[in-house]
Amino acid sequence: MYMMFFGSSVLLLIGMAVLWSVFLFRGRRWLTLLNIFFLLAWLGLALVATWSIGWEFIRQIFGMLAPMVVSPFILLVTVRDRSVWGQLVKRYAVFVSWFAVYMITFQIPAFPDGWTYFECFGLPILVFILLYAWDKWFGRRFYRHWIVIGSVLMILGFIFISLLWNAKAMQDEGHAMQGNWGGGKVTTVKPSVDVTTLTGPDATAVTKQYDFTAAKKNMSVPDGSEKELWLFNGQLTGPAIRVTQGDVVEVTLTNKNIEDGITIHWHGYDVPNAEDGVPDISQKVVAVGESYTYRFTADTAGTFWYHSHNQSSEQVGHGLFGSFIVEPKKQVKEELEIVGFVAPKYVDSSGALLPANGKVPKNIKPGTNVRIRLGNAHNKPQKLILNGTTFQIAAIDGNLIHKPTDLKETYLQIPAGGRMDITFTMPNHAVCLFDAKDATGGWVFQSTGENTKASTEIPDNVFKPEKYGEKQATTLDASDGFDRLFTMVFDSKLAFFDGMVHHLWTINGELYPNTPMLMVNEGDLVKTTFVNRSYSHHPMHLHGHKMLVLTRNGAATTGSPWWTDTLNVKPGETYEVAFKADNPGIWMDHCHNLDHATNGMMMHLQYNNVYTPFSGHTHE
Ligand code: C2O
Ligand code: CU
């Protein structure tokens, strides 16, 4: 929906700019009429967009551009003098309408700042004055096509400078990082807590110990080809970590030959900051030949995963990840468990399912309670279908759903980095689970002895977590309001980067590490609003904290409390989430489309009293 608005908006603007250019040469009445039609269409679009996707979008895109789009018409109608003024208005219209196209595609990536306001409002006025002066003094000596050529060259110049300038932000080193206090109290204390002191328990408490060695290995992947993968202990997916609530887990990581160095991040697990595995924030990268030990208490049960957090896009993509399951202290019912991931992009880009703890059973006895813990290691949200039985979603990102209800003919959309626990009772016929893109059909479970077929149809209904399960009071009490309110607007910029023109992904118009940090004090209750103005999905992942979803596109959630660590925000969507700042440290908050993270879409959540002895921003 939003993509349509955005796309047609750009097309209408380009149409208008082209027409104005033609108009310069032939000032025919029908051209004016056609231009007016384009204007009305554009304004209509803005109006419909306001209703359907909210004022936030309109304020920033349509609202900013409106004066630029409307002003040539106003001038045309009010300035009737055909000789000098008439010519002037035409030239002005050509420049300003091309400039509007430039602004929408390159220059309004977030909250408009003072400079953007000047560009949208002040610059058009300045241009008109300049044109007036030009006409008055040089009018006779210049041909009018010079205006068109000049305008086009100027816009190309703007584009070129923008492309160069935008990439520069990515290279910024050692700048003074800014803080965003979310409208709350500014408490600039001298940071006294070193992140490296925020560790887990000491070695004597360890109850589960693992040794992981990261190395390269040639291996055949689901599509049958042989590839070089980067793996922990030579396994795809990495060695399964399965512990019981209360265990103290220790993992010693050794890097055999991953040149750029590695770390391990416990995705979705709220470990103490020093164990979080973010290079240059909580530790130095583990270089070839080096080792590093992580230790933390597994105090929360659920489905989690771990992955390398250095150059994650490359490293997770090549296989450096695995499952991390914490079983509850007492198991509620007997279950057959299957753990798996949607493969990351280098391993298989068609959504193949990778088993995470040995083999996936072919036969399951009817009546068996089955739990499939499924994670998405891919960069894009995945459409997953379970056919052949009714099922329930027992947990999202390791957080139990309160009173889940039966689902059928519903597909699941699992965000990049997200997990869902799917439970069902095995019927007396086949059940299959597959990714919509996967032509091989995914996993098929036969009921013992029989060979039946489960439908491979893709249902139309999507699972809606905001309406699923039953309401329940949460530990997060917002009755006294929030201490901080943050807004994060997602968009993109084009830039020359790595020798090519790339999309760089922005938060509030800025690229990491220039994005101001979200500043909190320990104990703060925080509300964050996500606004996705771009045309790509952004699975937002906050380290060290769980977020409670409050609203989706303005409507309050009505089902079970929806706790998440990775929330997929679609183009045109707005979410409000809340979390309690109860885990001191410096935490990444980033898009889990890891390519987007590499290209700028990262930032920090920073507790005001904590500092890092490392360089302070990760070179992810
Ligand atoms: Cu799963 Cu910061 O990552
Ligand atoms: Cu993204």
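Residues numbered from 1 in each chain as written. Chains lettered and ligands numbered in written order. Predicted model: local features only at pLDDT ≥ 70, side-chain atom pairs only at ≥ 80, totals over all residues. Heavy atoms only, no water.

### Overview of the environment of glycine 63
Next up, step 1: Checked against the element boundaries, glycine 63 lands in helix 4 (residues 62–78).
Next up, step 2: For glycine 63, a relative accessible area of 30% translates into the label partly exposed.
Next up, step 3: Excluding residues within four positions of it along the chain, glycine 63 makes contact with Ile58 and Phe121. (Helix = DSSP H or I, 4+ residues; strand = E, 2+ residues; numbered from the N terminus. Buried < 20%, exposed > 50% of the residue type's maximum accessible area, 1.4 Å probe, protein only. Contact = heavy atoms within 4.5 Å.)

### Notes on the environment of glycine 469
Next up, step 1: Looking at where glycine 469 falls in the secondary structure, it is placed in the loop between strand 22 (461–462) and strand 23 (484–497).
Next up, step 2: Considering only alpha carbons, one finds glycine 469 and lysine 408, 61 residues apart in sequence, at a separation of 15 Å.
Next up, step 3: If sequence neighbours within four positions are ignored, glycine 469 has contacts with Ile401, His402, Lys403, Pro404, Gly559 and Ser560.

### A closer look at the sheet that holds strand 6 (residues 248–255)
Next up, step 1: Spatially, 4-3-6-8 is the arrangement adopted by the 4 strands of the open sheet, whose pairing is mixed. Because the sheet does not close on itself, it has two edges, and the strands there are strand 4 (226–232) and strand 8 (291–297). For this sheet, the mean inter-axis angle between neighbouring strands, taken without regard to orientation, is 20°.
Next up, step 2: Two elements, strand 3 (residues 208–220) and strand 4, share 7 bridges in a ladder whose sense is antiparallel. Bridge pairing links methionine 219 to lysine 227 in strand 4. (Pairing = 2+ DSSP bridges. Axes fitted to C-alpha atoms, helices over the stretch in contact; angles between N-to-C directions.)

### A closer look at the sheet that holds strand 10 (residues 321–327)
Two orientations exist for strands paired in a sheet by backbone hydrogen bonds: parallel and antiparallel.
Next up, step 1: Here we have 4 strands laid out as an open sheet, ordered 5-10-9-7, and mixed in their pairing. The open sheet has two free edges, formed respectively by strand 5 (238–244) and strand 7 (265–267), since each of these has just one partner strand. Direction aside, the axes of adjacent strands within the sheet are offset by 25° on average.
Next up, step 2: Pairing of strand 7 with strand 9 (residues 302–307), which is carried by 3 bridges, proceeds in the antiparallel orientation. Across the sheet, histidine 265 pairs through a bridge with histidine 307, a residue of strand 9.

### Thoughts on the coordination of the copper ion (ligand 2)
Metal coordination angles in their ideal form are 109.5 degrees for the four-donor tetrahedron and 90 or 180 degrees for the six-donor octahedron.
Next up, step 1: Every protein donor of the copper ion (ligand 2) is listed here as His538 (ND1), Cys591 (SG) and His596 (ND1), and their distances to the metal cover 2.0 to 2.1 Å.
Next up, step 2: Binding-site remark: the copper ion (ligand 2) is held by donors from one chain whose sequence spacing is H-x52-C-x4-H. A residue pair is termed long-range when its members are at least 10 positions apart, and histidine 538 in strand 27 (residues 538–542) and cysteine 591 in strand 33 (residues 586–591) qualify at 53 residues. Across this residue pair, the class does not change: histidine 538 and cysteine 591 are buried. (Donors = N, O, S within 2.8 Å, 3.2 Å for Na, K, Ca; no water.)

These values are about where atoms sit, not about what they do.
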